[in-house]
Every structure is written in C-alpha cells, then in structure tokens.
Amino acid sequence: MTEDAALAARKAAARAAALGRRAAAHEAAEGSADLLGEVLASHPGRAIAGYMPIRTEIDPLPAMAQAAGRGPVAVPVIEAPARPLLFRRWAPGCAMVPGRFGAMVPEAGDWIVPEVLIVPLVAFDRAGGRLGYGGGFYDRTLAVLRAAGPVIAIGFTYAAQEAEALPQEATDQPLDLIVTEREVIALR
Ligand SMILES: Nc1nc2c(c(=O)[nH]1)N(C=O)[C@@H](CNc1ccc(C(=O)N[C@@H](CCC(=O)O)C(=O)O)cc1)CN2
Ligand SMILES: Nc1ncnc2c1ncn2[C@@H]1O[C@H](COP(=O)(O)OP(=O)(O)OP(=O)(O)O)[C@@H](O)[C@H]1O
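Source: prediction; values computed, not measured.

Draft legend 1. Focus on the site of ligand 1. Residues in contact with ligand 1 amount to 17 residues; listed here are only the nearest, F101, A103, Y133, G135 and F137. Per-class residue counts for the shell around ligand 1 are 13 nonpolar, three polar and one charged.

What follows is the structure, encoded as structure tokens:
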C-alpha cells in the first residue's frame, strides 16, 4: 500500500468510528447550541457562516437564529465538486431548496464572504485536527478565505466526536476553536 492509500485508510477508519459515536450522541439528544450562541455573541456584526444540519450532525440553528438578529448569517452552497464553497445569506424561515449532497440551501439571497465559520465535522482532535465527509470542501474554502484575510473556524460538534490524534495531510485546514455541548476548546 502507498503512503497516500494508508493515510486514506486511516482517515476512513477514524470517520467510521466517529460517525458511530456521533449517531449515539444524536440519538440521546445530547446536543445544545448554548455555548455556540455565547461564542458567536462575542463576534457581533461579523459575517457568519453556519450550516443546515444533515444526518446526525449537531444542530447549530438556535445559535444561528440569535446571530441573525445582530448581523449577516449565511450557509454553504456547493458550486461544483473540488471547488470552494459559496455562502448564501440565510435568515430563520427563509425559503430553502435541496442542495447537492442533501443539505438545504437558500432559494435566493446575497452571496456573503464569511469571517467566522461554524464548521460541521465528523471527527476532531484537541490539536484542531478535523475530518469531514471527505469532499475537501471546507479545506479548500478555508484555504482561500485565510489567504485573503483573518477568519475564525469554529468546529461545532458533539463531545463524543473527539478522537485521539487524527491522521492529517498538508491540505487539511486546522480549526481555531472547538465548541461542543459541554465546552469551548481554544486552540490558537
Ligand atoms: N450540514 C452540512 N452541510 C454541508 C457540509 C457538511 O458537512 N454538513 N459540507 C461539507 O463539506 C458540504 C457538503 N459536503 C458533503 C460532501 C460529501 C457528502 C457525502 O455524503 N459523502 C459520501 C461519500 C462520497 C464519496 O466519497 O463518494 C458519504 O459520506 O457517504 C456529504 C456532504 C456543504 N454543506
Ligand atoms: N486546498 C486543496 N487543494 C487541493 N486538494 C485539496 C485541498 N484541500 C483538500 N483537498 C483534497 O480533497 C480531498 C478530501 O479531503 P479530506 O479527506 O480532508 O476532506 P474532509 O475535510 O473530510 O471534507 P470536508 O472539508 O468536505 O468536510 C483530499 O484528497 C485532499 O487532498
């Protein structure tokens, strides 16, 4: 097996294990966006990217709704595979349509360049390492945004999704902050 294939296999194994723990936490309704709401309130007026939860992801919508009362909030839109995400303005109750890969996207609205991103994930570690669904969308998006200016990437996750030390590659973009239903973990 090549080194790349070995790394991909280790990522796949870490993903599968974390998805099992995430499903259990979701099933037990362990989620709360209270701490996320507090963190977002400390960045008033900044353009925020949230996400529309899919499958067993922890639900950030209560914190996004609060933030939408203070400033712009947007959600990701996939333009094409292997391309950075775009972000379209979102507000509670706005018209949504199904996007690629299952998440809902706003039917209309302005395109926003976010400064604070709530990043969905499958697994995280305490060094800021992150695994998503494997599309590389957030890695590409954070690379572009960070090259243009300061951004804060907040991983929002059930505490149960923590992993020991995730396999990472050069293109993996680290998280600045991790927020769970239990704690805020500052990284950089
Ligand atoms: N709520 C939410 N919205 C999001 C993301 C996310 O992770 N969560 N994304 C974050 O990027 C983008 C969607 N990306 C996704 C990429 C792949 C799969 C997916 O189902 N992948 C398959 C495997 C695909 C393959 O390898 O052929 C799978 O997991 O079974 C889902 C979402 C944009 N919006
Ligand atoms: N900036 C980039 N430029 C080119 N390829 C990239 C970049 N970022 C990630 N990739 C590639 O995308 C693929 C998927 O990356 P990875 O497995 O890290 O996705 P992920 O972080 O789990 O997914 P997502 O960010 O969509 O939630 C990998 O082959 C990776 O090398």
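Anyway, onward from the coordinates.
Draft legend 2. Highlighting the UniProt feature "binding site: substrate" (unreviewed entry) in the protein. In the numbering used here, UniProt assigns the feature "binding site: substrate" (unreviewed entry) to M52 and E57. Relative to the assigned elements, M52 resides in the loop between β1 (48–49) and α3 (61–68). On the neighbour-count criterion, M52 (21 C-beta atoms within 10 Å) is buried. With residues near it in sequence (within four places) discarded, M52 still touches V75, A103 and M104. When you line up the elements, E57 lands in the loop between β1 and α3.

Draft legend 3. View of the UniProt feature "binding site: ATP" (unreviewed entry) in the protein. According to UniProt, the feature "binding site: ATP" (unreviewed entry) maps to R130, L131, G132, Y133, G134, G135, G136, F137 and Y138 in the numbering used here. With respect to the helices and strands, the residue G134 is situated in the loop between β8 (130–131) and α4 (137–148). Inspection of the secondary structure assignment puts F137 in helix α4. Excluding its chain neighbours within four sequence positions, the residues that come into contact with F137 are I78 and L85.

Draft legend 4. Main features of the pairing of strand β2 (residues 73–77). Across the five residues that make up β2, a large majority, four, are buried. Both β1 and β2 contribute to a ladder of two bridges, which runs parallel. Within β2, the position partnered with I48 by the bridge is V73. Read as a crossover between parallel neighbours, the route from β1 over α3 to β2 is right-handed. As judged from the five bridges shared by β2 and strand β3 (residues 86–90), these two strands associate in the antiparallel manner.

Definitions and limits used
- Residues numbered from 1 in each chain as written.
- Chains lettered and ligands numbered in written order.
- Predicted model: local features only at pLDDT ≥ 70, side-chain atom pairs only at ≥ 80, totals over all residues.
- Near = placed C-beta within 6 Å.
- Nonpolar A, V, L, I, M, F, W, Y, C, P; charged D, E, K, R; others polar.
- UniProt positions renumbered as here; feature names shortened; annotations may be inferred.
- Helix = DSSP H or I, 4+ residues; strand = E, 2+ residues; numbered from the N terminus.
- Buried ≥ 20, exposed ≤ 12 C-beta atoms within 10 Å, placed from the backbone.
- Contact = placed C-beta atoms within 7 Å.
- Pairing = 2+ DSSP bridges.
- Right-handed = clockwise from strand over helix to strand, strands pointing away.

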